[in-house]
Amino acid sequence: MNEFKVRTMADMMAAGEQADILFWVGCAGSFDERAQKVTKAVAKILHAAGLKFAILGTEESCTGDPAKRAGNEFLFQMLAMQNIATMHAYEVKKIVTACPHCFNTLKNEYPELGGNFEVLHHTTLINQLLQEGKISIQGGAFKGQRISYHDSCYLGRANNIYEAPREIIQKLDAALVEMKRSKANGLCCGAGGAQMFKEAENGKKEVNIERADDMMESNATIIAAACPFCMTMLRDGVKHHNKEQDMEVKDLAELVANAIDL
Amino acid sequence: MREVKNMISQILFLVLSGVATYFFSKNLGKIRRNILLGRDVDLSDNKALRWKTMLKVAFGQTKMAARPIPFILHFIVYAGFILINIEVIEILIDGIFGTHRVLSFLGKTYHLAIGFFEILAFGVLIACIFFLSRRYIIKLARFQSPELKGFANQDAATILFVEIILMAALLNMNAADQILQLRGNEHYLIAGSFPISSWLVVPILESLHLSDGALIWIERASWWFHIIGIFIFMNYLPFSKHFHVILAFPNTYYSNLKAKGGFNNMASVTQEVKLMLDPNAQVPEGYQTPTSFGVKDVTDLTWKNLMDAYSCTECGRCTSSCPQNQTGKLLSPRKIMMDTRDRLEEVGKNIDANKGTFIADNKNLHSYISEEELWACNTCNACVEACPININPMEIIVEMRRYKVMEESAAPAPINNMFSNMENNQAPWQFSPMDRANWTQELNS
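Residues numbered from 1 in each chain as written. Chains lettered and ligands numbered in written order. Predicted model: local features only at pLDDT ≥ 70, side-chain atom pairs only at ≥ 80, totals over all residues.

*Asks:* Help me get a handle on the packing of helix 7 (residues 122-131) of chain A against helix 9 (residues 163-171) of chain A, residues and values and all.
*Replies:* Residues and elements named next belong to chain A. Following both chains from N to C, one finds helix 7 and helix 9 inclined at 45°, their axes separated by 8 Å at the closest point. The orientation of helix 7 relative to helix 9 falls into the category oblique. Considering the relative orientation of helix 7 and helix 9, their crossing is left-handed. From helix 7, Thr123, Thr124, Ile126, Asn127 and Leu130 reach across to helix 9, where they touch Ala164, Pro165, Glu167, Ile168 and Lys171. Here the contact of helix 7 with helix 9 is composed, by residue class, of five nonpolar, three polar and two charged. (Axes fitted to C-alpha atoms, helices over the stretch in contact; angles between N-to-C directions. Helix = DSSP H or I, 4+ residues; strand = E, 2+ residues; numbered from the N terminus. Parallel < 35°, antiparallel > 145°, perpendicular 65-115°, else oblique. Left-handed = near helix turned anticlockwise from the far one by under 90°. Contact = placed C-beta atoms within 7 Å. Nonpolar A, V, L, I, M, F, W, Y, C, P; charged D, E, K, R; others polar.)

This is the structure in structure tokens:
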């Protein structure tokens, strides 16, 4: 794999170039150590597919999603309008992001505030790249593995994206096993709605432990995630059951990057 | 003598239907008034898709199918409700004009229809027994929630019980009619087919060796029982969860047609933020600074939220699919809908008692729904997905959070920390914005 440098929109503009697609990294993808690995995998895939992409770098701000879900509409709209202004300055037309929360907000809530972009979640884009042959999976790195996909609420129920992630797994030559609750019936990891940032209310159980029970029942060797928040919650669930040796939680981008030997 | 008796029944029938219709319309009017106390929202777009959604979801009951057993049982009751009501048309005509089985001139069609209605009526009866046993013998988890204690439970049992009795009356009436037909009673012409009552009820009646007079009395009594039962049921509806039989249709027509993840942007906030971000922005003419943000009381909700509340039949699919409820938290989406309706009813009664104006009662929707419930929501849309008639409890929760945060600054401390991180660092965590692209430096490591 050739070494390459991820460029910012500002770099490109200074060089008189225009990116085809903006890679919206998101806060988790930028700062969370585990999510950073996913971010790097996405960057490698975009590069391998020959896409001319750029990031906003330090000019990127939170989309405002957690503020909006938590009821702080002021903060949400302030961040949204600043982000829209930044993207307009760089004439952004198309965005890809590895975070379903960023994806949902950019796609469904920005247009009314003046930000009309074509927004793709990375699983949709990666699936397209595979279909178009821009990247291809050789060998069977995952042959014989049982992979179960955990539906992120903000991809699935929120935006009806159920198939792209599953099609990717099928292309990995692995066995796709469904958990007892999946697709429209999938159980939340427990992070959404700004729950990621606070303690749970009193109850019998944490939501991610309830989900981890489904994961254990599936007997999968790999749990495929497509969201940085799900990633955190599901990994905690695996730890709770002391199954770190038998079960890994991986983002679909990591699985694909691994399979095409990036 | 018979003429006089007939006339008395006709008059009695007309008076009863008049009274039943009057009170029913009056209470419908009240519900309509209450729903329109909500904030306006324009849902007049996309009529073709709205009709399609209504036909599919309400008429075709597609979302019920997610749980096959209740789907089948409910479908029988639903089909019974709609189709047996065709027979009620005949009952109405017979009642007004003193005729007997006036539509029997339809011949074979009538014959088949009455037979089909009998089968349906029997199906409804059996389904209702199953429904009762799911609630009170099998004790299905979603019917044991605390919010169902008291009236809600009683309401469910009443409806099922009344339906069983109504269907039994119908079968009983047919049985007596049949025996009279076979005995050649002049008023009881040969009409209809009775595939159920002929073996289920006729043998019981025959074993009693009743006279024609007694049978006529039973037939008439069942007829009156059935129709009066329907009048009572109709007038019970506006006070019951069972009102969904009417509102499911408009409520699905006005479904949210956009992606479920997209929450509404508050227009009042957009204007304020624009003024804040752009020092040169002009205040639009006639612009009034908003007086409050988010939902404090039911009248701050949209009329669609309020229609949702009246449409809810408390089946609890939302609650049983809620991740927080499943893990033992206080939050129950069904309770959110029930509380909204209860508070709205309270506001409505307040308005009625005070000659058309609402007098503050030191209560609001937050008196019914606690912070503990509001802050538990994952906004995962499981409740919205689960609702067979597209009710949205999540929207009410988020609107109430908006009030808590923007009016009372009353978010849990960690949420307030997250807000300040977002304000200061443009991220929900306390990282320096300057480090946002640090990962690029280790890309190839």
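*Asks:* Residue-level account of the interface of chain B and chain A, with values.
*Replies:* The interface of chain B with chain A comprises 57 residues on the first partner and 58 residues on the second. Grouping the constituent residues of the side of chain B that touches chain A by class yields 33 nonpolar, 15 polar and nine charged.

*Asks:* So what about the sheet that holds strand 6 (residues 175-176) of chain A? Which residues, and what values?
*Replies:* Residues and elements named next belong to chain A. With parallel pairing, four strands are arranged side by side in an open sheet as 6-5-7-8. Strands with a single pairing partner mark the edges of an open sheet, and in this sheet they are strand 6 and strand 8 (248-251). Contacts from helix 9 reach strand 5 (146-149), strand 6 and strand 7 (222-225), with the element oriented near 170° to strand 5. (Pairing = 2+ DSSP bridges.)

*Asks:* How would you summarise the domain arrangement of chain B if you had to cite specific residues and measurements?
*Replies:* All names here are of chain B. Entries for chain B in the domain assignment read domain 1 (2-35 + 67-244) and domain 2 (291-428). Domain 1 puts 15 residues into the contact, and the matching count from domain 2 is 18 residues. Sort the elements by how many residues they give to the side of domain 1 that touches domain 2 and helix 1 (residues 2-35) lands first, with four residues. A class-by-class count of the residues in the side of domain 1 that touches domain 2 yields seven nonpolar, four polar and four charged. (Domains from an automatic or database assignment.)

*Asks:* Any chance you could break down the domain arrangement of chain A for me, citing the residues and the numbers?
*Replies:* Residues and elements named next belong to chain A. Partitioning chain A into structural domains gives domain 1 (9-127) and domain 2 (137-259). Taking only C-alpha atoms, the centre of domain 1 and the centre of domain 2 are 23 Å apart. Counting from both sides, the interface comprises 26 residues of domain 1 and, opposite them, 25 residues of domain 2. Going through the elements one at a time, helix 2 (26-31), helix 3 (33-48), helix 4 (65-69), helix 6 (100-109) and helix 7 are the ones with two or more residues in the side of domain 1 that touches domain 2. If you tally residues by element for the side of domain 1 that touches domain 2, the top one is helix 3, at eight residues. Its residues assigned to classes, the side of domain 1 that touches domain 2 comprises 13 nonpolar, eight polar and five charged.

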